[in-house]
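Analysis of the macromolecular model
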2 protein chains.
Amino acid sequence: MTAFEELMAFQRETSALSQVAGRLGWDQETMMPSGAAAQRSEEMAALEAVLHARRSDERVGDWLETATTEDPVGQANLREIRRTYERATKLPAKLSAELARETSLAQGVWAQARADEDFDQFAPSLSRILALKQEQGAALADGQGSAYDALLVDYEPGTTAETIGAMFAELRAGLVVLREKVLGADVAAPELQGAFDEDMQMRVAERMAVAFGYDLDRGRIDRAVHPFSSGSGTDVRITTRTDARDPFNCLFSTIHEVGHATYEQGIDPQHALTKLGRGVSMGVHESQSRIYENQFARSRAFCGWLYGEMQQAFGALGVADADSFYAAVNRVAPGYIRTEADEVHYNLHIMMRFDLEQALVSGDLAVGDLPGAWNDRFAADFGVVVDKPSNGVLQDIHWSVGLFGYFPTYTLGNVYAGCLHQALRADLPDLDAELAAGQTGSATAWLRERVQRHGGLYEPIDLITRATGDAPSVQPLLQYLDQKFSALYRL
Amino acid sequence: MTAFEELMAFQRETSALSQVAGRLGWDQETMMPSGAAAQRSEEMAALEAVLHARRSDERVGDWLETATTEDPVGQANLREIRRTYERATKLPAKLSAELARETSLAQGVWAQARADEDFDQFAPSLSRILALKQEQGAALADGQGSAYDALLVDYEPGTTAETIGAMFAELRAGLVVLREKVLGADVAAPELQGAFDEDMQMRVAERMAVAFGYDLDRGRIDRAVHPFSSGSGTDVRITTRTDARDPFNCLFSTIHEVGHATYEQGIDPQHALTKLGRGVSMGVHESQSRIYENQFARSRAFCGWLYGEMQQAFGALGVADADSFYAAVNRVAPGYIRTEADEVHYNLHIMMRFDLEQALVSGDLAVGDLPGAWNDRFAADFGVVVDKPSNGVLQDIHWSVGLFGYFPTYTLGNVYAGCLHQALRADLPDLDAELAAGQTGSATAWLRERVQRHGGLYEPIDLITRATGDAPSVQPLLQYLDQKFSALYRL
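The rules behind the values
Residues numbered from 1 in each chain as written. Chains lettered and ligands numbered in written order. Predicted model: local features only at pLDDT ≥ 70, side-chain atom pairs only at ≥ 80, totals over all residues. Heavy atoms only, no water. Contact = heavy atoms within 4.5 Å. Buried area = accessible area lost by both parts, 1.4 Å probe. Salt bridge = Lys/Arg side-chain N within 4 Å of Asp/Glu carboxyl O. Polar contact = N/O pair within 3.5 Å; in protein donor to acceptor, adjacent residues only side chain to side chain. Pairing = 2+ DSSP bridges. Helix = DSSP H or I, 4+ residues; strand = E, 2+ residues; numbered from the N terminus. Axes fitted to C-alpha atoms, helices over the stretch in contact; angles between N-to-C directions. Phe/Tyr/Trp six-rings, centres within 6.5 Å; stacked < 30°, edge-to-face > 60°. Buried < 20%, exposed > 50% of the residue type's maximum accessible area, 1.4 Å probe, protein only. Lys NZ or Arg CZ within 6 Å of the ring centre and 35° of its normal. Expected span 1.5 Å × (residues − 1). Parallel < 35°, antiparallel > 145°, perpendicular 65-115°, else oblique. Nonpolar A, V, L, I, M, F, W, Y, C, P; charged D, E, K, R; others polar. Disulfide = S-S within 2.5 Å. Left-handed = near helix turned anticlockwise from the far one by under 90°. Core = buried A, V, L, I, M, F, W, Y, C linked by side-chain atoms within 4.5 Å. Least-squares fit on C-alpha atoms with pLDDT ≥ 70 in both. Arc of directions from axis to C-beta.

**What about the interface of chain B and chain A?**
Listed per partner, the contact involves 36 residues of chain B and 36 residues of chain A. Among the residues chain B hides against chain A, the three largest losses belong to Met-31, Pro-33 and Gln-39 of chain B. Together they make up 19% of the total. Summed over the shared surface of chain B and chain A, the result is six salt bridges. Between Arg-40 of chain A and Asp-235 of chain B there is a salt bridge, with its nearest N and O atoms 3.5 Å apart. On inspection of chain B and its partner chain A, the count reaches 14 residue pairs in polar contact (both at pLDDT 80 or more).

**Considering the sheet that holds strand 3 (residues 237–240) of chain A**
Residues and elements named next belong to chain A. Strands sit in the order 1-3-2 across an open sheet of three strands; the sheet is mixed. Looking at strand neighbours, the two that pair on one side only are strand 1 (221–223) and strand 2 (229–230), the edges of this open sheet. As paired elements, strand 1 and strand 3 share three bridges and run parallel to each other. Bridge pairing in strand 3 links Ile-221 to Ile-238. Relative to strand 3, helix 1 (residues 3–30) is tilted by about 25°, and along the sheet it contacts strand 1, strand 2 and strand 3.

**Details of the packing of aromatic side chains**
Enumeration over the complete set of coordinates arrives at 42 aromatic pairs over all chains. Aromatic side chains Tyr-346 of chain B and Tyr-410 of chain B sit 6.4 Å apart centroid to centroid with 85° between the ring planes, which places their arrangement in the edge-to-face category. Of the two residues, Tyr-346 of chain B is situated in helix 14 (residues 346–362) and Tyr-410 of chain B in helix 16 (residues 408–427); the sequence distance between them amounts to 64 residues. Tyr-410 of chain B sits in the buried class, given a relative accessible area of 13%. Residue placement shows Arg-237 of chain A over the ring face of Trp-26 of chain A; its charged tip is 4.3 Å from the ring centre. A cation over a ring is seen here: Arg-290 of chain B above Tyr-346 of chain B, with NZ or CZ 4.2 Å from the ring centre.

**Considerations on helix 16 of chain B**
Between the first and last C-alpha of helix 16 of chain B there are 29 Å, a value that for 20 residues agrees with the 28 Å anticipated at 1.5 Å per step. A large share of helix 16 of chain B lies buried, amounting to 16 of its 20 residues.

**Details of the packing of helix 8 (residues 161–184) of chain B against helix 20 (residues 475–488) of chain B**
All names here are of chain B. Axis separation between helix 8 and helix 20 bottoms out at 10 Å; the angle between their running directions is 5°. With respect to each other, helix 8 and helix 20 are oriented roughly parallel. When helix 8 is examined against helix 20, the residues Glu-170, Leu-171, Gly-174, Leu-175, Leu-178, Lys-181 and Val-182 are found in contact with a partner set consisting of Gln-475, Leu-477, Leu-478, Leu-481, Asp-482 and Phe-485. By residue class, the composition of the contact of helix 8 with helix 20 is eight nonpolar, two polar and three charged.

**Here's the deal with the state of the cysteines**
Residue and element names in this part refer to chain A. Following the criterion strictly, the structure yields zero disulfides over all chains and no others. Free of any disulfide, Cys-303 has its nearest neighbouring cysteine sulfur in Cys-250, separated by 15 Å. For Cys-303, a relative accessible area of 0% corresponds to the buried category.

**Some details on the pairing of strand 3 (residues 237–240) of chain B**
Residue and element names in this part refer to chain B. Taking every second residue as pointing to the same face, both faces of strand 3 are buried, with Arg-237 and Thr-239 on one and Ile-238 and Thr-240 on the other. Bridge analysis of strand 2 (residues 229–230) against strand 3 gives two bridges, and the strand direction is antiparallel. Bridge pairing links Ser-230 to Arg-237 in strand 3. Connecting strand 2 to the next strand, strand 3, in antiparallel fashion are six residues, including Gly-231 with a positive phi near 100°.

**A short note on the packing of helix 16 of chain B against helix 19 (residues 460–468) of chain B**
All names here are of chain B. It is the contact of helix 16 with helix 19, at a shortest axis distance of 9 Å, that shows an interaxial angle of 20°. In terms of orientation, helix 16 lies roughly parallel with respect to helix 19. For the element pair helix 16 and helix 19, the recorded crossing hand is left-handed. Residue-level inspection shows Tyr-416, Cys-419, Leu-420 and Ala-423 of helix 16 in contact with helix 19, the latter providing Ile-461, Ile-464, Ala-467 and Thr-468.

**Quick look at the nonpolar core**
Membership of the largest hydrophobic core comes to 132 residues, with the highest contact counts inside it found for Phe-296 and Phe-325 of chain B. Aside from chain neighbours lying at most four places away, what touches Phe-325 of chain B is Leu-192, Phe-248, Cys-303, Leu-306, Tyr-307, Met-310, Leu-317 and Val-319 of chain B. The next biggest cluster of nonpolar side chains, apart from the first, holds 131 residues, and it includes Phe-196, Phe-248, Ala-313 and Ala-423 of chain A.

**Digging into the relation of the copies chain B and chain A**
Between chain B and chain A, the superposition needs a rotation of 180° and an axial shift of 0.0 Å, giving an RMSD of 0.0 Å. In symmetry terms, the pair is related by a two-fold rotation axis. When you check the interface residues of chain B against chain A, 100% turn up at the interface there too, and the contact is symmetric in its surfaces.

**Quick look at the side chain of Ser-486 of chain A**
All names here are of chain A. Its location among the elements puts Ser-486 in helix 20 (residues 475–488). Here Asp-482 takes part through its backbone oxygen, which lies 2.5 Å from a polar atom of the side chain of Ser-486. Contacts of Ser-486, omitting those with residues within four sequence positions, involve Leu-481 and Leu-491.

**Section: unusual backbone geometry**
Residue and element names in this part refer to chain A. You will see that Glu-117, though not glycine, has its phi angle at about 55°, which is positive. You can see Glu-117 is positioned in the loop between helix 5 (93–116) and helix 6 (119–141). If you check the backbone angles, Leu-273 has positive phi at about 55° while not being a glycine. With respect to the secondary-structure elements, Leu-273 resides in the loop between helix 10 (247–266) and helix 11 (282–296).

**Comments concerning helix 19 of chain B**
Residue and element names in this part refer to chain B. If you check which residues of helix 19 are buried, you get Pro-460, Leu-463, Ile-464, Ala-467 and Thr-468. For helix 19, the angular spread of the buried residues around the axis is 110°, confining them to a single face. Taken together, the buried residues of helix 19 touch helix 10 (247–266), helix 11 (282–296), helix 16 and helix 18 (441–450). Once helix 19 ends, the next one or two residues include Gly-469, with phi positive near 85°.

**Quick look at the pattern of salt bridges**
The full count for this structure, using the stated rule, is 74 salt bridges over all chains. Measuring nitrogen to oxygen at the nearest pair gives 2.9 Å for the salt bridge that ties Arg-377 of chain A to Asp-381 of chain A. Here Arg-377 of chain A pairs with Asp-381 of chain A, and both are found in helix 15 (residues 370–382), just four residues apart, close to one helical turn. Summarising the burial analysis for this pair, Arg-377 of chain A and Asp-381 of chain A share the class buried. For Arg-59 of chain B, the salt bridge identified is with Asp-57 of chain B, shortest N-O distance 2.9 Å. Its relative accessible area of 43% is what places Arg-59 of chain B among the partly exposed residues.

Structure (structure tokens):
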């Protein structure tokens, strides 16, 4: 075997083991007996140790020195293997072990602090994690650029905080104007009334998932505390949750995860168990979940179909007609919680986190000053005073598990979804007629051809540019939002 | 760290990874999407390769050379680690890889041959597997004893085919006499009549499982094509199956697996994720499943309670009273299929497989002559002519997956269960009153104290001898069967 072939065979086993770790994580959230948690953490740690050793295995370095290929797919594989190897070898093993231990403990500390509404309980853990992340960022940056940029690249290769910051500034300006207009409008959006059997919610969610192209022969839907998608190749599973008072939670969470899962399911099988066999970045992944959830499932056309489905499933919904139903789905209201935010507010939640976490990593903001900084910014952006830490600085798990640089990928995903949606609508003028019949076939096919099948072959910005014919821009998203909410709120 | 400590830490990770492989196997049989099979086999192969490399890792050899401990538990750990290491280093990697590939393919070939009632389809696979197992046995024997004994030791350390053969000869003599008396008796055992809702079967099975001490905080029950128990420590799961016409299939399969699972759950937590943290052998494992299934759950006392439960669950059962119900549960009839056999016939099925597989491994019996040899022996032992291969030589999966030396452990388990039951009854004179109330607390506590908690600390024969005060013997099992079936069939 050539060095290239040996490297690819080794990587194939590593990818298979990584998929095993994903299956274990899925099991933990869905099937694992309650008493198995401590033992499971040892099982997961043993598997992670194997994966870590393989990622930084000296043989990989040797193979990379001599491996060559003329094939562009092979070259992209080499690029991604090299990225992972260089990252792994830059990090001292001791630092990775400390981060793993600290974040594993901090999750519980964060959950308790949130339950007790007491940031001070969490502050020491957060300080230790932040120090470790600063060290990690510096090691990864290796003198080239900022620590934050080095952390960001783990989730979104090919971009920097500066690029994202410029994009966000432009988006923010438009969103603030739109938000003020919507909140000033004299239109009261309706809310659903009724009882929503939770098993029936799961049945409707499954029908929607299949309508959106999710293949249940290569996936499954279960309930879990948090909705998520996991796995790759021929085994991509999603979870959702139900709430008897709020069926939208289940339905739109499901479609969101279906967006992630059909992306993974749509990757060309030639990339299976290679570095290209996963979605290319968190931002592109989020673009798929968001375009399914928002641009398709929250569209007027699809809501017409969904209104009929939900009436059949649950009886009267307490709204006058399909237009009212559509207005209820897209109700705009300022709220504390990011994950419950509407399309107008969502990205404002992200932008404040992006700014705050940059200040934390650079050292400009001390952990002790974080709650005050959070609350000031929230009041300024949302016009509401945070009433308690669980509605403010303690609401998200991310920092407790060491995810610094992850938040901006949510808004990048929305921006990419805007770009893709604009291009897709231009190519599919009859899409609304399809959506009105609960069909998404041509939209899914378009995304599969332009985005999903490539997996990790192209870098994110290159991928979006190839798919849409233009470099990513915030304007399509702003135009989509302006048009949608101007109509809904008669602006 | 000392060499002993380093070795134990390394083994702890290996055990954790082995538990991960178990979880993956469970997932495959219960949750995995149908389209994921090919990818899953790569995932499993990658994990098995990691485990294989760890078992034969040179560092283990080095540590074993210098590791010492005064602690008997530590010494037992060293004994078991050494056994696994020596086994792994005796086997050429090429042979193990060929066996893995051949048996993985042969399962499908066997299933197809069974469906087509055509042994010849399976014969070439079986011949290749047999040749590889002969080679493996010879490598493991390493000039000491027979290949078959070397294979047997994987499942039942501390015994030989000669010892087992002598035990079986004694058991066989008694069984043949009992069988002839029962079949000659003028008593027609009743059969249940009714419709048995399958979800209700699962609910009754779960109640029985909990009554038998199965801890659902550290396990779970799902449906699968084949009942099995898997996992160790704080995560031991079982599966069962349902058949609307035959509720006993579900109920007694469940209790059988509960016996395996409570054994694992009952092991002292100090042994968790060490070589002692699993049941010590297949025979001892089967002793736990069989004593739960037969001596307890098929007893007259427990059947009285179960009769009431089943009437509540399913309405009228088509039998006159609890005595008739007990007779239906313990109906004796010669049949082709091992897994459906009653207590009188079961071990006769095993003995013919034990003799046939020894002849195959030694070369005395050619694969081409196996169906004839099977059918002749079956006619001689059971007085019935085999009508088709799926009722004969193709009924069991074992040989297709390379399990030679495994079958005798089923009967060893029954023999051990007989010994344990005799000793336990002497210590617990009021057990029938408990069983009649659907309680098994004192019996489970006895087994936990004498057998289960020790895990792999004592070798099988030593363990049974300590638990019962006597070396294993077939007489307790024969006496139990004689007494039970003489009463039932008025002999």
